Amino acid sequence: MKLGIVGLPNVGKSTLFNAITNAGAEAANYPFCTIDPNVGMVTVPDKRLEWLRDQFQPKKFTPAVIEFVDIAGLVKGASKGEGLGNKFLSNIRSTDAIVHVVRCFDDPNITHVEGSTNPLRDIEIINLELVMADIEMVERRIERGQKAMKGGDKKMAHEVELFKELLEHLNEGKLARTFPCEKDDAALIATSDLLTLKKTIYAANLDENTVANPTSSEHYNAVCKLAAEEGSQVLPICAKLEADIAELDDPEEKAMFMADLGLEESGLDKLIQCSYSLLGLISFLTAGSDECRAWTIKNGTKAPQAAGKIHTDFERGFIRAEVISFEDMQACGSMANARTKGLVRSEGKEYVMKDGDIVNFLFNV
């Protein structure tokens, strides 16, 4: 999974990126201190996988990973190339989802590129640039379709009509992901790689005094209302605090520090949960003396396709899957006890994988 962190300059993007990846991106109080996208790989915390590691003592331990890309601050006119805009927009295009950092705190010592704190205005600036970039993409798609129709391809008529309707929607300043259409039409639009189709998490960057009680912030509540209207998610976070938490190596010290602040889990943990939920992802687990590993799949994936995540031969020669839920495995204490109690199930090609399934795939090629 690849998440792009976007936002206006000086809203806390790079501070948040540094905190969650410890990658040391430059974070300074002036626009465009981030020019090339900084990339950081983060392991997905999973207590289930850690329990399996303690049981099996494997040679390798491989958690799932998320790639975060810190994309430079967008400004008005980015869709027309302002402030290196075209380059930034292409970096967003390669991501699976967007983490849009929005400043929800006032601080006279930190310059705001628009002169004041107004998260809805900031969101509108970014979204409008993404919409304008999408308009160009849709116009090109319509032109290609019309040329194909002139060449005798009558099947393109519906596609051209659909994208004309989408163009009207975008021209009203609306996002592609809010365009109402049938499932088949949505699948067709999804082939166009539009920026405003990407699922979005608004990371509401609050100050240290507000993050534990975010609904006390008018700015945060305004972002929540907007996100609900467009089907996005909101994550209350304090980038500065996340940076302080990231500097603590001792888990006990980190837990105490967070408890003092009234935080039950770190912003990174919440962001990962948010991302999995938003993209409809789950994890299945494989465990043994060689390796304990988490594999990320789409919710609803069937057993053969899950096996294919490990190796294409596993899917091609799929026979069956031996499956036990993590809860059953933990209650039994070992795989041998689980087998004795009949809790290891044999599942076929139609089995839909569940989050936390521990699986051994049997195949023959």
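Just above, that's the structure.
Below, the structure is looked at part by part.

### A few points about the packing of helix α1 (residues 13-21) against helix α8 (residues 239-246)
Between α1 and α8, the shortest axis-to-axis distance is 8 Å and the interhelical angle comes to 25°. Classified by the interaxial angle, the pair formed by α1 and α8 is roughly parallel. Between α1 and α8 lies a crossing whose hand is left-handed. For the pair formed by α1 and α8, the contact residues are Thr-15, Leu-16 and Ala-19 on the first element and Ala-239, Lys-240, Glu-242, Ala-243 and Ala-246 on the second. Among the residues making up the contact of α1 with α8, the classes are represented as 5 nonpolar, 1 polar and 2 charged.

### Some points on helix α11 (residues 303-310)
An α-helical segment advances 3.6 residues per turn. Residues three or four places apart therefore align on the same side. Taken as a whole, α11 has its buried residues at Ala-303, Pro-304, Ala-306, Ala-307 and Gly-308. Here the buried face of α11 lies against β8 (281-286), β9 (291-298), α12 (312-316), β10 (318-325) and β12 (357-363).

### Quick look at the layout of surface pockets
Considering only enclosed or pocket space, the largest pocket measures out at about 720 Å³ in volume. Together, 28 residues line the largest pocket, and Pro-45, Lys-254, Ser-266, Leu-268 and Asp-269 are the ones closest to its centre. By residue number, the principal contributor to the lining of the largest pocket is helix α9 (residues 251-261), which donates 4 residues. Class assignment for the residues of the lining of the largest pocket results in 16 nonpolar, 4 polar and 8 charged.

### Topic: unusual backbone geometry
Phi is positive for Gln-57, close to 50°, though the residue is something other than glycine. Classification of Gln-57 as exposed rests on a relative accessible area of 60%. For Asp-193, which is not a glycine, the phi torsion comes out positive at approximately 55°. A relative accessible area of 36% places Asp-193 in the partly exposed class.

Cut-offs applied
Residues numbered from 1 in each chain as written. Predicted model: local features only at pLDDT ≥ 70, side-chain atom pairs only at ≥ 80, totals over all residues. Heavy atoms only, no water. Axes fitted to C-alpha atoms, helices over the stretch in contact; angles between N-to-C directions. Helix = DSSP H or I, 4+ residues; strand = E, 2+ residues; numbered from the N terminus. Parallel < 35°, antiparallel > 145°, perpendicular 65-115°, else oblique. Left-handed = near helix turned anticlockwise from the far one by under 90°. Contact = heavy atoms within 4.5 Å. Nonpolar A, V, L, I, M, F, W, Y, C, P; charged D, E, K, R; others polar. Buried < 20%, exposed > 50% of the residue type's maximum accessible area, 1.4 Å probe, protein only. 1 Å grid on protein atoms, 1.4 Å probe; cavity = no way out; pocket = protein on both sides within 12 Å on 5 of 7 lines; lining within 4 Å. Points joined across faces, edges and corners; volume = space filled by probe spheres on them.

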